[in-house]
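# Close look at the chain arrangement
The primary structure of each chain is shown beneath.
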Amino acid sequence: MNGAVIETFNTHRMSEAAIKALDTGREAEQQAIKAAIERNLDRIGSTSTPEHVALYGPRGFGKSFMTRLIEIWAQQHGTRLRYLLLPEEQHNLARSPDALLRYFEQLLLHPEKAWEQAAFTWPSGDASARWSDAVKQLDAAIDQTFPDGQGLVVAVVENFDMLLRDVFGEASAEERLRKWMTRKANRIMLFVTATGTVDIDYDRPLFRAFTDIRLPAWSEAECLEYFHARRKLEGKPELTAEQIGRVRAITLFTGGNPRMSQLLGQVLDDNDALRAAELLNALADKLADYYRRRIDDLPQLSRGLLDALIRGGEPCTPTELAKRVGTEQSKIARPFALLRDHDIIVGQPATGSSEIRYRVADRVMVHFYRLRYGGVAPGAISLAAIVDFLQLYFDQSELLEEAKKFAEKGMHLESEAFQAAYFQLWDTNTEKSEKKASYIREIHKLSKMETEKLLDLFKDRIAAIESKMRITGIFNKEAHIIDLFHQFAVIFQRKRDFPKYFAVAQREIEFQLSVKSFHDVLYFFWIRDEKISLGLEVGWRLSIFHSIINSVFSKSTPKEQIYGLLFITVLGFIATSNDYLEISKAADFLSDKEIPEQLKNLMVAAQAALSAGKTSESLERVDPDFAKVLRLVWDLPLSNIQGRERSGKRFSRR
Amino acid sequence: MRPPLRMNLGNPVTEDDRFDRPELQRELLSTIQHAPGVAMFGLRRIGKSSLLRWVERELTGQQHTVLLIDAQGIQSLDQLMAELLDQIAAKATGVHRVLLETFNQGAGLPKRLLDAFAKGKGVTLKGSEGISDYWESFAGLLESAFDRHDKPVVLLIDELPFFCKRLLDKTPSEREAAIQLLVTLRTWRQKAKPIKMILTGSIGLRALLRQHGIDQYHLAGLSNFDTPPLGGPVAVGLLHTEAPDFVDALARGQKLQGWTPEHTTVLLEECGVWYPLALQHAVHQLVLAGLPDPHHMRAVFSEQVRAMLNETFLVQFDARWRVYKALDTVEQTALRNLLGATVKAAQPISDLALVKAIRTRLEGPQISELLETLREDGFVACRLNRDHERFWHPSSPLVPVWWQRSGLGRKR
């Protein structure tokens with residue numbers, strides 16, 4: 001697939017038919033360029049100075065394509081207009097400003113020999129005199145081209161900002177250029193393209209010397225129009241509804257960058273996310289030069305801000321970014337504005353605020369940046385780095401399905417990437433107040449899966465949750481994960497599937513104890529429980545404490561596990577945090593008791609019944625043995641606790 | 001109704017691209033008729049060169065010999081004079097003939113220079129020895145030839161301050177050449193029958209000379225002339241309909257379908273500063289945006305136009321103010337207070353009122369010179385009342401904006 005990915009988007013070699021067929025959007029910009037040329041044609045024969053046009057746009061935004069479109073249009077003017085399209089770079093002009101004019105002269109008079117004639121020659125002699133000579137010779141060539149004096153030359157110079165920097169770097173050279181451009185009755189119009197600035201620097205002679213036209217990014221509709229046109233040109237069937245949906249993803253992911261959209265367009269025919277990820281990695285790799293140049297085009301401080309934006313997390317307001325880089329917003333205003341001017345970043349209003357939050361428009365660029373500058377660990381799978389793309393390419397439910405699909409295949413890292421994408425998307429799409437409820441609902445959806453697979457996925461989810469919490473910061477880490485475990489536990493409780501219930505609880509406690517001591521965990525719940533309604537949380541406490549005790553005794557004898565069950569069952573009836581603590585102290589004491597295996601099962605049933613809200617009285621009517629056990633459960637720990645001296649002060653009450 | 005106006009961003013304009021400003025043009029002609037020299041300095045891209053081209057055409061039509069030198073790209077006094085000689089050869093054959101005759105008689109110049117000149121149009125003097133080495137003789141010959149010419153000669157030099165700056169920043173001999181030029185130009189202005197001239201540039205000469213410790217006397221005989229934004233309902237002293245007429249003519253010139261007077265009104269409200277470049281840029285951006293209706297035009301301004309205005313004009317004030325930091329503290333303080341008082345005044349403020357407002361130990365002539373410095377650098381403009389009393393005001397609505405943004409008003 002990679003081989004097909006990186007086809008060069010060389011508009012200078014594209015056929016006229018292909019250029020016309022793929023002409024997409026930018027009508028206003030096209031019209032503005034054509035109008036400037038038309039006005040210059042009107043000026044021929046007068047003393048007026050022709051307008052010069054600078055077409056701005058990031059690399060890959062279609063500037064070269066536009067020069068070809070205008071070239072095709074210009075042909076209709078016949079002999080009145082000569083359109084000189086120079087190659088994209090001009091290494092032959094090194095340190096010789098006058099060589100540019102001589103190049104024009106060659107293209108006018110001897111286009112067939114221009115390749116040889118315009119070769120680099122060593123710059124020597126007085127630059128001013130050479131320039132003057134070149135001006136005269138070019139004027140003579142124009143006279144020869146238009147003997148009646150009624151013609152206009154449109155000279156197209158791409159990457160003009162680079163040319164200015166490299167060839168017209170000296171102020172005197174740029175001044176001569178400006179003077180030449182603005183002289184009366186000039187018959188050459190410059191139509192230049194640039195990614196960086198050409199004429200906005202006040203200190204430079206060319207300050208505001210051009211009619212500026214900026215190529216905007218493609219809209220979703222334009223992106224769609226392009227793909228329709230392209231498929232028609234390639235004889236492919238029309239886009240399906242699903243593919244149209246993916247066009248949207250491509251537009252958003254590339255920030256409407258035409259070149260990137262064109263390259264990423266290959267995933268339209270491919271449903272496999274992993275191959276899409278491969279493509280993305282290949283693009284980031286193969287287009288490294290392209291992205292490096294885009295970054296190099298930026299002034300240094302703008303590059304620094306871009307780095308801070310990507311590393312620190314997007315989207316971000318200018319105020320946040322200024323704080324992040326340790327300065328005031330006013331100081332970053334100019335380099336930040338340049339990021340916007342270069343179409344590197346785009347802004348969207350923040351929810352519930354007048355502030356604008358900015359992110360990098362082209363997500364492939366972010367992917368490149370992470371890959372290249374250490375944002376992705378060596379050996380990490382490709383999907384982990386393209387969570388952004390997954391979010392756009394799949395909708396929320398599809399992400400979840402993909403996560404399950406990979407979990408079922410045992411591809412946990414891939415599953416994790418989809419989960420991360422899912423959670424980020426969920427986080428973006430969900431109001432803060434609704435997040436917890438929404439989250440829990442989603443967890444319930446997972447209950448349809450087989451237990452073991454579920455648990456596998458669940459394990460992966462912990463990483464996803466941690467990732468998500470790093471992003472949102474809205475949940476306390478441990479509490480959130482406990483909630484998650486609890487939701488699983490409740491599901492199995494309700495199904496009376498206690499083996500699974502215990503398995504989940506076991507995972508929970510493993511996690512809890514991996515981050516905290518048993519008593520700290522208990523203390524954590526004590527603090528928490530004093531702040532919530534006990535009546536609503538009975539089931540919650542049951543499962544949690546069940547899990548805690550179960551885990552505590554998991555490496556001991558079965559009997560100790562049963563004590564654990566007994567313990568938490570009792571907890572279900574106790575209303576104060578103080579009692580929880582006291583009961584916890586009794587754990588060791590209870591471990592001495594012998595409880596038969598049969599009782600263990602009954603205890604489980606009792607716990608389940610209690611957590612389902614059934615009273616011991618109602619249970620007694622249904623199952624006397626069960627009730628008997630229940631009473632035993634009720635009586636035993638209390639009596640033991642009561643019989644034990646309360647001098648143990650392992651926990652401070654406050 | 002004004003004739004349709006053709007868009008032309010970025011160039012000095014002539015003919016159909018030019019918007020006639022009769023009142024301003026009359027004033028400029030009057031100034032050059034009554035003064036030996038005019039200094040037309042100010043911000044970049046506000047229309048000075050276009051006005052200069054109009055003057056060239058107008059005075060040529062009035063039987064003057066107008067020699068226009070664009071000093072952009074010119075690196076030495078020799079090159080400047082070569083350019084002047086080219087102009088003479090092209091436009092003043094009488095002067096050229098006189099010069100040739102004089103040169104043929106020797107004229108105190110080395111043969112190499114005479115031979116170079118004799119080649120006529122396009123002569124470029126090369127080598128270490130040039131006209132500047134024989135400047136006095138050469139300038140004297142030129143002066144004499146101009147005097148004997150059958151038409152009055154008017155010299156127009158565009159971007160003179162940049163040219164001087166280049167020389168002043170180079171070697172001591174180049175610095176000396178710059179001073180020689182300024183002295184010669186002053187001498188020509190101060191003759192009983194002056195050689196008239198209009199000097200234009202994007203930076204002020206006064207601040208430049210002060211920065212380099214050169215006597216301001218070299219600017220004697222120059223009357224400052226402002227290039228204000230197009231007049232409108234709030235502009236000072238100019239035709240009230242100039243800006244709306246400009247926008248209307250531009251809209252018709254571009255054949256903008258659906259353009260209404262309401263569009264013009266909103267554009268002028270949103271643009272804030274009515275230099276031709278700003279208004280053209282605004283129209284250009286509106287066209288690129290698909291010519292939204294007046295209610296939706298404001299977004300284009302906030303996203304596309306204001307940033308350009310800031311980058312074009314406000315940065316120039318920043319750059320110029322930085323130059324003042326090389327001046328002594330008393331002058332810096334006086335400049336700040338003068339500009340502050342002008343900005344804060346509800347109406348144009350007289351010299352006398354300014355002196356009272358700023359409380360400085362500087363003398364009246366010094367204050368006047370500082371005001372002219374601010375004027376040349378585009379911060380303030382000046383109108384004369386019928387008693388020839390000067391009244392100062394910010395040169396455009398951008399100046400108070402810049403003043404506020406710069407924080408200068410808060411300094412103690």
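Procedures and definitions
Every chain's residues receive numbers from 1 upward, in the order its sequence appears when written. Naming scheme: in the order in which they are written, chains are lettered from A and ligands are numbered from 1. Selection of residues for local features in this predicted model requires a pLDDT of at least 70, selection of side-chain atom pairs for listing and counting requires 80 or more, and totals for whole chains, interfaces and linings are taken over all residues. The basis for every side-chain value is the complete set of non-hydrogen atoms in the structure, without hydrogens or water. By definition, any uninterrupted DSSP run of H or I lasting at least four residues is a helix, any uninterrupted run of E lasting at least two residues is a strand, and each is numbered from the N terminus. Using a 1.4 Å probe, accessible areas were evaluated by the Shrake-Rupley method; residue-level cover was limited to the displayed protein chains. When checking whether two residues touch, look at their non-hydrogen atoms; a contact exists if any pair is within 4.5 Å. Accessible area that two parts lose when put together, with a 1.4 Å probe and added across both, is what the buried area reports. N or O atoms closer than or at 3.5 Å make up a polar contact, with two conditions inside protein: a donor-capable atom paired with an acceptor-capable one, and, for residues adjacent in sequence, both atoms drawn from side chains. When residue character is reported, Ala, Val, Leu, Ile, Met, Phe, Trp, Tyr, Cys and Pro are called nonpolar, Asp, Glu, Lys and Arg charged, and the others, Gly included, polar. Classification of ring pairs uses Phe, Tyr and Trp, with its six-membered ring standing for Trp, and accepts pairs whose centres are within 6.5 Å; under 30 degrees between planes counts as stacked, over 60 as edge-to-face, and the remaining range as tilted. The rule is simple: take the accessible area with a 1.4 Å probe, protein chains only, and divide by the maximum for that residue type; under 20% is buried, over 50% is exposed, in between is partly exposed. When a carboxyl oxygen of Asp or Glu lies within 4 Å of a side-chain nitrogen of Lys or Arg, that pair is called a salt bridge. Both site types are read off a 1 Å grid over the protein atoms alone. A 1.4 Å probe that fits but cannot get out defines a cavity, while an open set with protein on both sides within 12 Å along at least five of seven lines defines a pocket; lining residues have an atom within 4 Å of a point. Grid points are joined across faces, edges and corners, and a volume is the space filled by probe spheres set on the points. Two strands are said to pair when DSSP picks up at least two bridges between them. Axes here refer to lines fitted to C-alpha atoms; in helices the fit is confined to the stretch in contact. Angles between the N-to-C directions go from 0 to 180 degrees. Take the residue count of a helix, subtract one, and multiply by 1.5 Å to get its expected span. Take the buried Ala, Val, Leu, Ile, Met, Phe, Trp, Tyr and Cys residues and link them wherever side-chain atoms come within 4.5 Å; each set so joined is a nonpolar core. Throughout, the edges of the domains are those of an automatic or database domain assignment. In this scheme, roughly parallel covers angles under 35 degrees and roughly antiparallel covers those over 145, while 65 to 115 is roughly perpendicular and the rest are oblique. Counted as positive: Lys and Arg. Counted as negative: Asp and Glu, with His and the chain ends omitted from the count. Summary of the metric used: pLDDT quantifies the predictor's per-residue confidence within the range 0 to 100.

## As for the overall build of chain A
Of regular secondary structure, chain A possesses 34 helices and seven strands. As displayed, chain A has an accessible area near 28600 Å², and 50% of this comes from carbon and sulfur atoms.

## Section: the interface of chain A and chain B
Counting from both sides, the interface comprises 39 residues of chain A and, opposite them, 41 residues of chain B. Note on chain A versus chain B: buried area summed over both sides is about 3200 Å², and carbon and sulfur give 44% of it. Between chain A and chain B we count 26 residue pairs in polar contact (both at pLDDT 80 or more) in total. Elements with a contribution of two residues or more to the side of chain A that touches chain B: α3 (27–43), α7 (127–145), α9 (171–182), β5 (211–214) and α17 (329–341) of chain A. In terms of residue count, α9 of chain A provides more of the side of chain A that touches chain B than any other element does, seven residues in total. Class assignment for the residues of the side of chain A that touches chain B results in twelve nonpolar, nine polar and 18 charged.

## Here's the deal with the packing of aromatic side chains
What characterises a pair of aromatic rings is the spacing of the ring centres plus the angle enclosed by the ring planes. Residues and elements named next belong to chain A. Throughout the structure, instances matching the rule amount to 24 aromatic pairs over all chains. For the ring pair F160 and F210, a centre distance of 5.8 Å and an interplane angle of 70° mean the geometry is edge-to-face. On the criterion of sequence distance, the pair formed by F160 in helix α8 (residues 160–166) and F210 in the loop between β4 (188–194) and β5 is long-range, its members being 50 residues apart. Assessed through its relative accessible area of 0%, F160 is described here as buried. Residues F368 and Y373 carry aromatic rings whose centres are separated by 6.1 Å and whose planes lie at 85° to one another, so their mutual orientation is edge-to-face. Members of the aromatic cluster, connected to one another through ring pairs, are Y290, Y291, F368, Y369 and Y373.

## Comments concerning the pattern of salt bridges
The final tally for this structure, using the stated rule, is 46 salt bridges over all chains. A salt bridge links R248 of chain A to E220 of chain A; its shortest N-O distance comes to 4.0 Å. Of this pair, R248 of chain A sits in helix α11 (residues 241–254) while E220 of chain A sits in helix α10 (residues 220–234); the two residues are 28 residues apart in sequence, bridging distant segments of the chain. On the basis of relative accessible area, E220 of chain A is assigned to the partly exposed category, the value being 41%. For E372 of chain B, the salt bridge goes to R375 of chain B, with nearest N and O atoms at 3.6 Å. Of this pair, E372 of chain B and R375 of chain B both sit in helix α16 (residues 364–376), three residues apart, roughly one helical turn. The burial state of E372 of chain B is the same as that of R375 of chain B; both residues are buried. A network of salt bridges, in which partner residues are shared, links R39, R43 and E51 of chain A together with R6 and D17 of chain B.

## Focus on empty space enclosed by the protein
Residue and element names in this part refer to chain A. Per the stated rule, a full pass over the model turns up six cavities of 30 Å³ or more. Taken as a whole, the largest cavity holds about 150 Å³ of empty space. Along the wall of the largest cavity there are 16 residues; nearest its centre are T24, R26, G62, F65 and W218. In terms of residue count, the dominant contributor to the lining of the largest cavity is helix α4 (residues 63–74) (three residues).

## Some details on the environment of L222 of chain B
Residues and elements named next belong to chain B. For L222, the position within the fold is in strand β5 (residues 222–224). Judged by its relative accessible area of 13%, L222 is buried. Sequence separation between L222 and R189 is 33 residues; the distance between their C-alpha atoms is 8.2 Å. In this view, L222 contacts G37, V38, A39, R189 and L199; residues no more than four positions away in its chain are not counted.

## Some points on the sheet that holds strand β6 (residues 349–350) of chain B
Residues and elements named next belong to chain B. Taken together, the three strands give an open sheet; going across it, the order is β6-β8-β7, and neighbouring strands pair in antiparallel fashion. Lying at the two open borders of the sheet, with one neighbouring strand each, are β6 and β7 (380–384). Inspection of the sheet shows β7 paired to strand β8 (residues 390–394) by five bridges, in the antiparallel sense. When the sheet's bridge partners are listed, R383 is paired in β8 with F391. Here α16 sits on the sheet in contact with β7 and β8, set at roughly 40° to β8.

## Notes on helix α3 (residues 77–91) of chain B
Residues and elements named next belong to chain B. For α3, spanning 15 residues, the distance from its first C-alpha to its last is 21 Å, which sits close to the expected 21 Å at 1.5 Å a residue. With respect to burial, α3 is a largely interior element, eleven of its 15 residues being buried. The set of residues buried in α3 consists of L77, D78, Q79, L80, M81, A82, L84, L85, Q87, I88 and A89.

## Let's talk about the side chain of E174 of chain A
Residues and elements named next belong to chain A. Position of E174 among the secondary structure elements: in helix α9. Exposure remark for E174: the relative accessible area of 2% places this residue in the buried category. If near-sequence neighbours (up to four positions away) are discounted, E174 is found in contact with L164, F168, R204, P205 and L206.

## Thoughts on the nonpolar core
Within the largest apolar cluster, 92 residues are counted, with the highest numbers of intra-cluster contacts made by I37 and L264 of chain A. Taken domain by domain, the makeup of this core includes at least three residues from each of domain 1 (27–214) and domain 2 (220–372) of chain A. Excluding residues within four positions of it along the chain, L264 of chain A makes contact with I250, F253, T254, L279, L280, L283, V364 and F389 of chain A. Core analysis: the next-biggest nonpolar cluster, separate from the first, contains 64 residues, A243, A249, V343 and W392 of chain B among them.

## Considering the packing of helix α15 (residues 300–312) of chain A against helix α18 (residues 363–372) of chain A
Residues and elements named next belong to chain A. Between α15 and α18, the shortest axis-to-axis distance is 11 Å and the interhelical angle comes to 85°. Judged by the angle between their axes, α15 and α18 are roughly perpendicular. Within the contact between the two elements, α15 uses L306, D307 and I310 and α18 uses M365, V366, Y369 and R370. Here the contact of α15 with α18 is composed, by residue class, of five nonpolar, no polar and two charged.

## Here's the deal with the side chain of K34 of chain A
Residues and elements named next belong to chain A. Mapping K34 onto the fold places it in helix α3. Although buried, K34 forms no salt bridge, and the nearest oppositely charged side chain, D23, lies 6.6 Å from it. Excluding its chain neighbours within four sequence positions, the residues that come into contact with K34 are I70 and W73.

## Let's talk about α16 of chain B
All names here are of chain B. With 13 residues, α16 ought to run about 18 Å at 1.5 Å a step, and its terminal C-alpha atoms sit 18 Å apart, in line with that. Turning to α16, its buried residues number three or more, namely I367, L370, L371, E372, T373, L374, R375 and E376. Directly after α16, the chain includes G378, whose backbone phi takes a positive value near 85°.

## Some words on the confidence of the model for chain B
Caution applies to low-pLDDT regions: their predicted coordinates should not be interpreted in detail. Residues and elements named next belong to chain B. When pLDDT is averaged along chain B, the result is 88; 91% of the residues meet or exceed 70. Ranking the helices and strands of chain B by mean pLDDT puts strand β4 (residues 196–201) first, with 97, and helix α5 (residues 111–118) last, with 66. Segment residues 234–238: pLDDT under 50, and twelve contacts once partners within four positions in sequence are set aside and those in other chains are kept.

## A look at the packing of α3 of chain A against helix α12 (residues 276–288) of chain B
At a minimum axis separation of 8 Å, α3 of chain A and α12 of chain B run at an interaxial angle of 135°. The angle between the axes of α3 of chain A and α12 of chain B places the two elements in the oblique class. Of the residues in α12 of chain B, those touching α3 of chain A at A28, E29 and A32 of chain A are H284, V287 and L288 of chain B.

## Points about unusual backbone geometry
Omega for the bond connecting E314 of chain A with P315 of chain A falls within 30 degrees of zero, at -10°, which places this linkage in the cis form. Secondary-structure assignment places P315 of chain A in the loop between α15 and α16 (318–324). For A185 of chain A, which is not glycine, the phi dihedral falls at a positive 60°. Inspection of the secondary structure puts A185 of chain A in the loop between α9 and β4. Given a relative accessible area of 38%, A185 of chain A falls into the partly exposed group. Even without glycine at this site, K255 of chain B takes up a positive phi of about 55°. Tracing the backbone shows K255 of chain B in the loop between α10 (242–253) and α11 (261–271).

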